[in-house]
Amino acid sequence: MCLVEVEKFPKLQIACNTVATEGMVVRTDTEKVRKAVTGVLELMLIHHPVDCPICDQAGECGLQNYYMKYGLHKSRYDLEDKVHKKKVQDIGGQIVLDAERCILCSRCVRFLQEITKTGEMEFFQRGDHSEISIFPGRKLSNDYTGNLADICPVGALTNKDFRFKCRVWFLSSIESVCPGCANGCNVETYFKGDILYRLKPRRNDAVNQTWMCDFGRVEYRKANESRLLIPILREGGQAVAAAWDSVLLRTALRFREEAEAHGAGSVAVIASPQSSNEELFLVKKLAAEVLKTENVGFTSRTPGDRFSDEFLIKEDKNPNSRGAQLLGLTEEGFGRAVKAISDGKVRALLLFGNVLADFADEKIEAILSNVPFVAQVGTCEGAISRAAHAVLPSASFAERGGTFTNFAGRVQRFRGGFPPRGKAKNDIEILVALANRLGADWKFDGEASVFNALASASAPFSGMSYESLGFEGQAVAGGLK
Ligand code: SF4
Ligand code: SF4
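Residues numbered from 1 in each chain as written. Chains lettered and ligands numbered in written order. Predicted model: local features only at pLDDT ≥ 70, side-chain atom pairs only at ≥ 80, totals over all residues.

Colleague: Is there a simple way to think about the sheet that holds strand β18 (residues 390–393) in this case?
Modeller: Backbone hydrogen bonds hold the strands of a sheet together, and the pairing may be parallel or antiparallel. Overall, mixed pairing links the seven strands, which are arranged β13-β12-β18-β17-β16-β14-β15 in an open sheet. The outermost strands of the open sheet, each flanked by one partner alone, are β13 (238–241) and β15 (296–297). Packed on one face of the sheet, helix α6 (residues 244–262) meets β12 (232–235), β14 (267–270), β16 (348–352), β17 (373–378) and β18 and runs near 130° to β18. Along the sheet face, helix α7 (residues 277–290) touches β14, β15 and β16 and points at about 170° away from the line of β14. (Pairing = 2+ DSSP bridges. Helix = DSSP H or I, 4+ residues; strand = E, 2+ residues; numbered from the N terminus. Contact = placed C-beta atoms within 7 Å. Axes fitted to C-alpha atoms, helices over the stretch in contact; angles between N-to-C directions.)

Colleague: I tried to follow the sheet that holds strand β9 (residues 172–177) on my own but got confused; where do I start?
Modeller: Read from one edge of the open sheet, three strands run β9-β10-β11, paired in antiparallel fashion. Strands at the two margins of the open sheet, each flanked by one partner only, are β9 and β11 (195–201). Across the sheet, the mean angle from the axis of one strand to that of its neighbour is 30°, orientation sign disregarded. Where β9 meets strand β10 (residues 186–192), six bridges bridge the pair, whose relative direction is antiparallel. For Glu175, the partnering residue across the bridge sits in β10 and is Glu188.

Colleague: Which parts of the structure should I look at to understand the site of ligand 1?
Modeller: Around ligand 1 lies a shell of 14 residues, among which Cys102, Cys105, Cys108, Cys152 and Ala156 are the nearest. Its residues assigned to classes, the shell around ligand 1 comprises twelve nonpolar, one polar and one charged. (Near = placed C-beta within 6 Å. Nonpolar A, V, L, I, M, F, W, Y, C, P; charged D, E, K, R; others polar.)

Colleague: It is not clear to me how the site of ligand 2 should be interpreted in this structure. Could you clarify?
Modeller: Every one of the 14 residues lining ligand 2 counts as a neighbour, but Cys178, Gly180, Cys181, Cys185 and Gly216 are closest to it. Tallied by class, residues from the shell around ligand 2 come to eight nonpolar, five polar and one charged.

Colleague: Which parts of the structure should I look at to understand the pairing of β18?
Modeller: Burial of β18 is two-sided: the residues Ala390 and Leu392 facing one way and the residues Val391 and Pro393 facing the other way are all buried. Summarising the sheet, β12 and β18 pair through two bridges and their orientation is antiparallel. Of the residues in β18, the one forming a bridge with Leu233 is Ala390. Sheet topology note: the β17/β18 ladder contains four bridges and is parallel. Note that in β18 the partner of Val377 across the bridge is Leu392. (Buried ≥ 20, exposed ≤ 12 C-beta atoms within 10 Å, placed from the backbone.)

Colleague: What is the right way to read the packing of α7 against helix α12 (residues 427–437) from this model?
Modeller: How two helices sit against one another is set out by the angle between their axes and by the gap between those axes. Where α7 contacts α12, the two axes come as close as 9 Å, and the packing angle between them is 15°. Looking at the two axes, α7 sits roughly parallel to α12. Relative to α12, the crossing made by α7 is left-handed. Within the contact between the two elements, α7 uses Glu278, Glu279, Leu282, Val283, Leu286 and Val290 and α12 uses Asp427, Ile428, Leu431 and Ala435. (Parallel < 35°, antiparallel > 145°, perpendicular 65-115°, else oblique. Left-handed = near helix turned anticlockwise from the far one by under 90°.)

Colleague: Sorry if this is basic, but what is going on with the pairing of β10 here?
Modeller: On a regular strand, one side chain projects to one face of the sheet and the next to the other, so that they alternate. Among the seven residues of β10, five are classified as buried, and the element is accordingly described as predominantly covered. Pairing between β10 and β11: six bridges, direction antiparallel. Residue Thr189 lies in a different strand from β11, and its bridge partner there is Leu199. Counting the residues that bridge the hairpin from β10 to β11 gives two residues, and of these Gly193 lies at a positive phi of roughly 60°.

Colleague: Any chance you could explain unusual backbone geometry here in plain terms?
Modeller: Most peptide bonds take the trans form, and the phi angle of most residues other than glycine is negative. For Val50, which is not glycine, the phi dihedral falls at a positive 45°. Relative to the elements of secondary structure, Val50 occurs in the loop between α1 (31–45) and α2 (62–71). Even without being a glycine, Lys292 presents a positive backbone phi close to 55°. Position of Lys292 relative to the elements: it lies in the loop between α7 and β15. The exposure class of Lys292 is exposed, given the 12 C-beta atoms found within 10 Å.

Rendered as structure tokens:
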């Protein structure tokens, strides 16, 4: 399909395996090239089932695109003469195989040999009965199977999770970063309206090459499921929907009253490594300059599996623990805050996110029951939102922008594709509104203004600007560690 005409060469050459040299003249769109490519395409389509209306690859299929450019011919082969192969085979991982649609390009075989080194797939049979398949009795057995659907140019390998959820031409996409672990793989988020449908890897050779893991692929669900969509005040155990103004005012008043009556040590703030650098910068500023408490910190501990490998997957399941550390938030501060809470010294607590370290729900309930007033800024429901006296619903990673610092110290931008769902608000907006109700005079307007303030205040980020980060990111001062 990549045949080209090269001056002084008697035959057409395959472009992908021809080294460009000084003065070489290459023509890609001559009559001779078109005729040859059309012939190759016709050969590929001889046994193809041409079941595009029921194929999930339709709209992003290499074969369809080539047919529009080079084909537009009538088949010289009768439908009943086609060789039929197995369709809809669950071959494990995130993948469904339809062998009939395969054009025998061997990308999947090479991926499994060269990238995952697990070699589960191979070609079987000969001639026009050649067929891609998995070894008998085996299933895909690696953590990167979703990439097979991305690299397969046709609908032979499709993603189980995304199949038939939405036609791709209805989706929009935007550059972002996977929030699933500290690696910070570059991705594109695909959405329609305010529903996120999938994440696909975006090339960044310094971080994830062109790949992402299967765990990261399903991170999109967090933006859709169990969302906190309205501000809530809880009184006498009863949760009541409230206006943003009331929740912010109640929270600010309560923090001020407790601090005035019992001292700054009676308030605590627990930050989340799921927050962006900009949000963490404001959380720290709120604790240090407005609430003046030392009970502030974060922890990278999370519930569940802490599996890692030698390739992309990191043990830390947060996208921004490194950023939190570089901004001066500490695990010691988290320990100090939790101890003060357990000792009954904390009377007002501000929490970010919907987990509290790796504590089970019962432990979270027990800890929070020690605090007379708990306010949560969070995206999803959980043990914290069920116990909090004030719930301030915040935007998911697909609805807001900012930067994460990955495990190696690379600061990378993620972008929101659509406005926050329901009545949720951007965390920066929530933090500014809260700080100003507590007497501050913050003028921050959006993540770029906060990042630029952060870069001038925090040494590791000095010299960076929001714009200069681009979409491939930059390493913090002092280089990667
Ligand atoms: S990547 Fe797709 S088209 Fe290519 S050999 Fe594998 S299944 Fe066939
Ligand atoms: S390795 Fe981590 S950052 Fe990359 S896709 Fe997987 S969970 Fe996301």
